[in-house]
Amino acid sequence: MLAERAQRVSRVGVAEGVGATAWLGAAFILSRATILAELKPFGAAIVMAVAGLRPNLLWPTVLSAGAGTAWSLPGPEGWFRLATFLGLGLTYTLCRRNKKVSRVPGAFIALGAAVVILIRGLGQVILGPTFYGWMLLIFEAILAAGLAMAWNAAVVSRYREEQLLGLGLFALGLLLGLQELKVGGMSVQSLIGRLFILLAALIGGAGAGAASGAVLGFLPSLTSLTAPALAGLLALVGLTAGAFYNLGKLGVVGGFLLAHLLLSGYFLGAEGANAALKESSLVALIALLLPREVLKQLSASIIRTNNESSVKEALGLSDRWNRVINALRRLGESLELGTQNDSTSVNGTLRQVERLVCQGCPAHKVCWELEGDKLREVLKDLLKKEGPVLAPELPEWLKGRCGKAWELAQALSVQPRGRALDKGSSLGLHLGLQFQALAQVLEETVKEASASDDEELQPYFTVEVGYASCARDRDLTCGDSFLAGPLDGGKYLLVLSDGMGAGCEARKESRTAVELLKDLLAAGFPQELALRFVNLVLLLRSPSESFATLDVAVLDLVQGRGEFLKLGACPTFLLRDNRVLTVRSQSLPVGILEDIPVETVEEELHSGDVLVMVSDGVLEAHKEIAEKERWLVAALKRAPDCHPQELADRLLKQAVALAAGRPADDMSIAVARIQAD
């Protein structure tokens with residue numbers, strides 16, 4: 001075991017060393033690249049990109065780029081460019097240490113462009129300012145920033161187009177940096193360019209060969225103002241080589257050499273034709289010696305075969321079907337539990353009375369949650385009696401507490417007595433909604449299975465989660481439930497539910513809500529529709545008046561966005577740079593109304609953000625109404641940079657202490673920290 005571990009560590013170290021050497025070599029070459037004989041943006045661009053992607057290589061990259069500039073551009077101009085690289089390295093080092101600049105790549109790169117303009121502008125002042133010189137350095141700084149942003153996006157993004165764009169610009173800079181290098185009298189840039197054309201013809205045929213030849217043929221025109229004859233030659237060479245694609249490697253290489261032999265004299269003259277034939281012969285020899293496995297790997301990385309795509313689509317479709325089946329099975333089980341008890345005849349009447357009279361009352365939680373069973377029994381007895389209900393008929397304990405005793409009696413009097421709820425039409429409507437949702441999920445599955453781009457999006461952010469809870473005083477079971485886990489598409493789900501009341505029954509309701517919601521979202525149901533399904537299940541399965549709050553956060557770890565949905569839940573607190581933002585939404589809990597409004601709040605996520613989700617027992621631990629949220633905000637601002645689990649435990653201890661060690665309701669705290677990967 002120790003030997004295998006040592007070998008693994010050794011391999012990782014070798015890979016890291018090779019990668020670092022490649023970065024430094026690329027910085028040296030890119031700093032030599034020139035556009036139109038005056039613009040050299042690639043050196044500053046690689047320093048900006050490395051500062052954000054691999055900050056541990058910042059100063060080696062600065063020195064490597066400076067060495068390349070000093071070699072290719074001696075004199076005062078070269079010294080000022082070297083000073084620009086040193087200024088970029090010093091600026092980024094100070095920013096990293098003081099943490100004053102956001103890690104957003106755009107802000108980091110904009111700062112680098114400002115440093116380039118400042119130092120190069122100082123050089124303009126010393127060497128003699130001109131309007132053309134100022135415009136040139138400003139344009140070069142903007143171009144360097146654009147290149148750095150493209151490279152950053154290519155590394156972070158999982159979209160193939162952005163990756164190819166960044167790779168193409170990087171390869172363009174490397175080829176331009178090899179302009180003056182020669183081996184045995186042959187141009188290194190020309191050798192690599194012709195090798196690219198030949199490989200493109202071997203992999204993609206005539207079209208790929210012609211396109212590569214046309215692009216690479218214009219490289220000398222980017223370095224200096226020259227006639228584009230080489231572009232025409234290389235385009236025809238790639239086209240001719242690719243035309244023999246069906247004859248295999250020998251046919252493509254033969255077409256490549258034949259095109260050079262016939263056309264180079266016409267396009268380049270006698271001297272240029274001799275150099276082109278030497279270079280093409282060496283490139284043809286390299287291609288013939290290239291193992292067939294290497295060509296297959298290159299082809300597989302660029303062109304996906306139908307077989308590979310079909311296998312991946314079949315696997316993805318099968319997995320999606322399994323999730324849909326699991327979600328539908330849980331729906332059926334939950335509804336079956338609800339239909340086993342038919343004693344729901346007066347529940348709708350009680351819900352109506354609660355909405356008409358008690359909604360917004362300060363004592364609502366005490367009456368309908370903490371002592372809900374006792375209150376419902378009293379109201380059911382009053383509904384059974386003949387004639388109107390009078391306020392004096394209410395029990396003394398209820399009249400002494402209730403400030404709306406007369407309104408409560410009137411609401412009971414106008415309600416129908418002993419009538420069973422007619423759920424036929426309502427149930428039929430919601431079943432129709434279920435079939436529509438199932439059709440929508442299946443349609444999305446078929447579309448995804450038939451899509452050609454089957455790449456998995458890799459998250460840019462990671463999430464660490466901590467959770468702490470305790471039951472209310474004299475209860476053994478906490479009625480709150482929390483669930484966290486990844487979803488498809490680089491998303492992450494956090495859901496906290498507070499069941500009505502406390503104890504095992506509340507725990508059962510809240511657990512059903514979070515598990516059912518997780519299954520529906522994992523199966524691909526839209527968020528709003530999944531919440532409506534959970535609401536329907538709780539509404540139909542409950543033998544007595546019950547509900548549960550839902551606090552949902554869906555974090556997009558690829559795009560860096562968070563969607564927050566709340567049904568009767570407390571606000572979510574977002575700690576960012578010692579500031580606490582509050583995410584809140586007004587909506588009823590699930591299991592009360594047949595149709596609930598769902599409001600989604602979106603927030604951008606930053607690296608280092610801390611999300612805190614709490615149940616209402618935590619906020620109500622403080623006796624003062626005005627301090628219910630303030631104490632938690634103050635505690636978060638004082639919280640050190642600790643692990644989410646440690647922070648959750650610490651906040652729970654403070655909440656229990658505020659309740660004098662005897663919580664009046666269940667308490668739950670979920671903490672999630674977002675970090676850039």
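Refer to the structure above for everything that follows.
Summary of the structure given here. (Residues numbered from 1 in each chain as written. Predicted model: local features only at pLDDT ≥ 70, side-chain atom pairs only at ≥ 80, totals over all residues. Heavy atoms only, no water.)

## Considerations on the overall build of the protein chain
Next up, step 1: What the protein chain contains, in helices and strands, is 25 helices and 12 strands.
Next up, step 2: For the protein chain, the residues scored as buried account for 45% of the 677 residues in total.
Next up, step 3: Considering only contacts within the protein chain whose residues lie at least 6 apart along the sequence, 71% involve residues at least 24 apart. (Helix = DSSP H or I, 4+ residues; strand = E, 2+ residues; numbered from the N terminus. Buried < 20%, exposed > 50% of the residue type's maximum accessible area, 1.4 Å probe, protein only. Contact = heavy atoms within 4.5 Å.)

## A closer look at the sheet that holds strand S8 (residues 572-576)
Next up, step 1: Ordered by their spatial adjacency, 5 strands build an open sheet running S3-S12-S11-S8-S9, and the pairing between neighbours is antiparallel. The open sheet has two edge strands, strand S3 (461-470) and strand S9 (579-583), and neither has a second partner. Each strand axis lies, on average, 20 degrees off the axis of its neighbour in the sheet, ignoring direction.
Next up, step 2: Sheet analysis places S8 next to S9, joined by 5 bridges and oriented antiparallel. Bridge pairing in S9 places Thr-572 opposite Val-583.
Next up, step 3: Docked against the sheet, helix H25 (residues 644-658) engages S3, strand S11 (610-614) and strand S12 (667-676), running at close to 30 degrees with respect to S3. (Pairing = 2+ DSSP bridges. Axes fitted to C-alpha atoms, helices over the stretch in contact; angles between N-to-C directions.)

## Focus: the environment of Thr-477
Next up, step 1: Along the polypeptide, Thr-477 turns up in the loop between S3 and strand S4 (480-487).
Next up, step 2: Separated by 28 residues in sequence, Thr-477 and Glu-505 place their C-alpha atoms 9.5 Å apart.

## Digging into the packing of helix H24 (residues 630-638) against H25
Next up, step 1: Between H24 and H25, the shortest axis-to-axis distance is 11 Å and the interhelical angle comes to 140 degrees. As summarised for this structure, H24 and H25 are arranged oblique, according to the angle between their axes. Of the two elements, H24 crosses H25, and the hand of that crossing is right-handed. Contacts between H24 and H25 pair Trp-631, Leu-632, Ala-635, Leu-636 and Arg-638 from the former with Leu-647, Leu-651, Gln-654, Ala-655 and Leu-658 from the latter.
Next up, step 2: A class-by-class count of the residues in the contact of H24 with H25 yields 8 nonpolar, 1 polar and 1 charged. (Parallel < 35°, antiparallel > 145°, perpendicular 65-115°, else oblique. Left-handed = near helix turned anticlockwise from the far one by under 90°. Nonpolar A, V, L, I, M, F, W, Y, C, P; charged D, E, K, R; others polar.)

## Side note on the packing of aromatic side chains
Next up, step 1: Inspection of the entire model under this criterion finds 4 aromatic pairs.
Next up, step 2: Put simply, the rings of Phe-42, Trp-151 and Phe-170 touch in pairs and so form one group of aromatic residues. (Phe/Tyr/Trp six-rings, centres within 6.5 Å; stacked < 30°, edge-to-face > 60°.)

## Quick word on helix H19 (residues 405-413)
Next up, step 1: Within the sequence span of H19, burial applies to Ala-405, Leu-408, Ala-409, Ala-411 and Leu-412. Buried residues along H19 cover an arc of 165 degrees about the axis, so they all sit on one side. (Arc of directions from axis to C-beta.)

## Looking at a nonpolar patch on the surface
Next up, step 1: On the surface, a cluster of nonpolar side chains totalling about 660 Å² of accessible area is made up of Leu-122, Val-125, Ile-126, Leu-127, Trp-134, Ile-138 and Ile-142.
Next up, step 2: Within the fold, Val-125 resides in helix H5 (residues 105-127). (Patch = residues over 30% accessible without salt bridge, like charges linked within 9 Å, V, L, I, M, F, W, Y side chains within 5 Å. Areas by Shrake-Rupley, 256 points an atom, 1.4 Å probe, with all protein chains shown as cover. Salt bridge = Lys/Arg side-chain N within 4 Å of Asp/Glu carboxyl O.)

## Some remarks on the sheet that holds strand S10 (residues 600-604)
Next up, step 1: Read across the sheet, 5 strands follow the order S4-S5-S6-S7-S10 without closing on themselves; strand pairing throughout is antiparallel. A single partner strand is all that each edge strand has here, and the edge strands are S4 and S10. Pairs of neighbouring strands in the sheet enclose a mean axial angle of 15 degrees, with direction left out of account.
Next up, step 2: Bridging between strand S6 (residues 548-556) and strand S7 (residues 561-567) involves 7 bridges; their strand directions are antiparallel. Residue pairing in the sheet places Val-554 in a bridge with Glu-563 of S7.
Next up, step 3: Most of the contacts of helix H21 (residues 503-522) go to S4, to which it runs at about 10 degrees, and overall it touches S4, strand S5 (491-499) and S6.

## A closer look at the nonpolar core
Next up, step 1: Residues Phe-42, Val-47, Met-48 and Trp-151 are the most contacted members of the largest nonpolar core, which totals 36 residues.
Next up, step 2: Breaking this core down by element, the ones donating at least two residues are helix H1 (2-30), helix H2 (42-53), helix H3 (58-72), helix H4 (76-98), H5 and helix H6 (131-156).
Next up, step 3: Setting aside residues no more than four positions away along its own chain, Phe-42 makes contact with Leu-30, Ala-33, Ile-35, Leu-147, Trp-151, Leu-169, Gly-173 and Leu-176.
Next up, step 4: Membership of the second largest hydrophobic core comes to 28 residues, among which are Val-614, Ala-639, Cys-642 and Val-671. (Core = buried A, V, L, I, M, F, W, Y, C linked by side-chain atoms within 4.5 Å.)

## Topic: the pairing of S4
Next up, step 1: Among the 8 residues that make up S4, 6 are buried, leaving the element largely enclosed by the rest of the structure.
Next up, step 2: Here S4 runs beside S5; their pairing, made up of 8 bridges, is antiparallel. Paired with Ser-481 across the bridge in S5 is Ser-497.
Next up, step 3: Between S4 and S5, which pair antiparallel one after the other, the connecting turn spans 3 residues, and Gly-489 there sits at a positive phi close to 75 degrees.

## Some thoughts on the side chain of Ser-31
Next up, step 1: Note that Ser-31 resides in the loop between H1 and H2.
Next up, step 2: Within the structure, the side chain of Ser-31 is placed 3.2 Å from the backbone oxygen of Ala-65, a separation counted as a polar contact. (Polar contact = N/O pair within 3.5 Å; in protein donor to acceptor, adjacent residues only side chain to side chain.)

## Looking at the environment of Leu-181
Next up, step 1: Looking at the secondary structure, you find Leu-181 in the loop between helix H7 (160-177) and strand S1 (182-183).
Next up, step 2: Judged by its relative accessible area of 25%, Leu-181 falls in the partly exposed class.

## Here we look at the environment of Ala-210
Next up, step 1: Structurally, the position occupied by Ala-210 is in helix H9 (residues 206-217).
Next up, step 2: When the C-alpha positions of Ala-210 and Thr-240 are compared, they lie 8.1 Å apart, and in sequence the two are 30 residues distant.
Next up, step 3: Apart from the residues lying within four places of it in its own chain, the contact partners of Ala-210 are Ala-235, Gly-238 and Leu-239.

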